[in-house]
Amino acid sequence: MRIVSVVGARPQFVKLAPIAAACRQAGVGHRIVHTGQHYDANMSEVFFDELRIPTPDVNLGIGSGPHGRQTGQMLERLEQVLVDEAPDWVLAYGDTNSTIATALAAVKVHLPLAHLEAGLRSFNRRMPEEHNRVLTDHASDLLLAPSEVAVDNLAGEGLKERTVHVGDVMVDITSSVARSLAEDPAPLPGPVDDGPFVLATIHRAENTDDAARLRSIIEGLASLGVPVVLAAHPRLRARALDAGIALERPRLHVVDPLPYRTMIGAVAAAAAVVTDSGGLQKEAYVLGTPCATVRTETEWLETLVDGWNVLIPDPRDLDDGLVLRTVDADRGTPYGGGCAAEAAVAALRSRT
Ligand code: UD1
């Protein structure tokens, strides 16, 4: 059997790592196509190096651009690549523009399509990720769901027959990196070596592209009672500059996007996480660090149970009371026990 994984953005590289390892272990042929959506070394290459992911077999080098152009260019290039590769399965990951381009390309050339991390819903159609995931799910022949909530969402849309609950590959990679850090710790980012700190990331358009909202988030982070390390996505830096918002403040330390081991070490060591990332909400949950999510909704409902994660729809509410709370409830394993990649590869194999 041969699988072609198509990835392009940072969260997809993280999910690719355990899939590539599971393919290797199962003796399954695996080729990797990188669309080039993320291209900075610290948004792409560092993940391949650190997580020992094989170098992509094909890199389309598409880069940034308006959504339509970016997605269209990927679709155009992917069509020929997939025809040439002719795999048994095309595997699409998550919910980015690279995901929807993969789905469209695969169905147009009549190749079987599987979607990893299927069934997530924010029910917010203004998010590009929501269209990407809904459309990809409906185009797919096999839906690899990370949780019961995702399975139920797919059943509600008439997609139950194509769904397999495999668990979440993010648990696989987060747990294995956390184990490796116990033996070989990564240095903490920013000036936070002694004492509690908050780890923050903000990158979503709804937070970065509205200047008043972005200012309010930065002021909220700067007003917290402990130092904050803000790992800044390039979009955040660019929009803050455009809007004349200073990111560096006395207790707010801005650093570049973090390599994965450094990020996981920092999440585990932080008193709390403040983010709008989907992946980070779950990494915080798996590692037992309270999280505050600066969004109106989340796809990861399980993290909200017992207050491990709280939503902060209005950034004016970002304060010590909400962010630096303690939580000690049992978390359970709603995302599985760390064998999701193996289960996903087995599901693909049994349907070849
Ligand atoms: C994309 C995904 C989002 C995911 C995020 C993780 C879509 C619609 N969104 O958002 O779901 O959470 O990746 O980071 O696909 N840029 C660089 N260097 C890079 C990549 C991007 O400077 O290597 C800058 C460019 O100015 C670019 C902007 O970041 O225009 C946005 O990048 P893009 O890939 O369009 O979307 P993300 O915001 O990263």
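Our structure's up above, just so we're on the same page.
The notes below deal with the structure included here. Given the structure is predicted, the values throughout are model-derived calculations rather than measurements. (Residues numbered from 1 in each chain as written. Predicted model: local features only at pLDDT ≥ 70, side-chain atom pairs only at ≥ 80, totals over all residues. Heavy atoms only, no water.)

1. Topic: the overall build of the protein
Argument step 1. The helix and strand tally for the protein stands at 14 helices and 13 strands.
Argument step 2. With respect to the three principal axes, the spread of C-alpha positions in the protein is 55 × 45 × 40 Å.
Argument step 3. In the protein, which comprises 352 residues, the share counted as buried stands at 56%.
Argument step 4. Of the roughly 14200 Å² of accessible surface on the protein, 50% is carried by carbon and sulfur atoms.
Argument step 5. For the protein, the distance from the average position of its 32 positive side-chain charges to the average position of its 46 negative side-chain charges is 3 Å. (Helix = DSSP H or I, 4+ residues; strand = E, 2+ residues; numbered from the N terminus. Buried < 20%, exposed > 50% of the residue type's maximum accessible area, 1.4 Å probe, protein only. Areas by Shrake-Rupley, 256 points an atom, 1.4 Å probe, with all protein chains shown as cover. Lys, Arg positive; Asp, Glu negative; His and termini not counted. Charge placed at Lys NZ, Arg CZ, Asp CG, Glu CD.)

2. What to know about the environment of Thr-96
Argument step 1. With respect to the secondary-structure elements, Thr-96 resides in the loop between strand S4 (89-93) and helix H4 (97-108).
Argument step 2. Each C-alpha atom of the pair Thr-96 and Asp-242 lies 25 Å from the other, and the pair is 146 residues apart in sequence.

3. Structural notes on the pattern of salt bridges
Argument step 1. For the structure on display, the rule yields 18 salt bridges.
Argument step 2. The salt bridge partner of Glu-299 is Arg-295, with a shortest N-O separation of 2.8 Å.
Argument step 3. Here the salt bridges share partners, and the residues they tie into one network are Asp-95, Glu-130, Arg-133, Arg-295, Glu-297 and Glu-299. (Salt bridge = Lys/Arg side-chain N within 4 Å of Asp/Glu carboxyl O.)

4. Thoughts on the packing of helix H3 (residues 67-85) against H4
Argument step 1. Two numbers describe how H3 lies on H4: the axes approach to 8 Å, and their chain directions differ by 40 degrees. Considered as vectors, H3 and H4 are oriented oblique to each other. Judged by the sense of rotation from one axis to the other, the crossing of H3 with H4 is right-handed. Where H3 approaches H4, its residues His-67, Gln-70, Thr-71, Met-74, Leu-75, Leu-78, Glu-79 and Leu-82 are matched on the opposing element by Asn-97, Ser-98, Ile-100, Ala-101, Thr-102, Leu-104, Ala-105, Ala-106 and Lys-108. (Axes fitted to C-alpha atoms, helices over the stretch in contact; angles between N-to-C directions. Parallel < 35°, antiparallel > 145°, perpendicular 65-115°, else oblique. Left-handed = near helix turned anticlockwise from the far one by under 90°. Contact = heavy atoms within 4.5 Å.)

5. Notes on the sheet that holds strand S7 (residues 163-165)
Across a sheet, paired strands are connected by hydrogen bonds in the backbone, their directions being either parallel or antiparallel.
Argument step 1. With parallel pairing, 7 strands are arranged side by side in an open sheet as S3-S2-S1-S4-S5-S6-S7. With one partner strand each, in any of the chains shown, strand S3 (58-59) and S7 form the two edges of the open sheet.
Argument step 2. Taken together, the 4 bridges between S4 and strand S5 (residues 113-116) define a ladder with parallel strand orientation. Opposite Val-90, over in S5, you have Leu-113 as the bridge partner. (Pairing = 2+ DSSP bridges.)

From the geometry alone we can't say anything about function, so treat these as descriptive.
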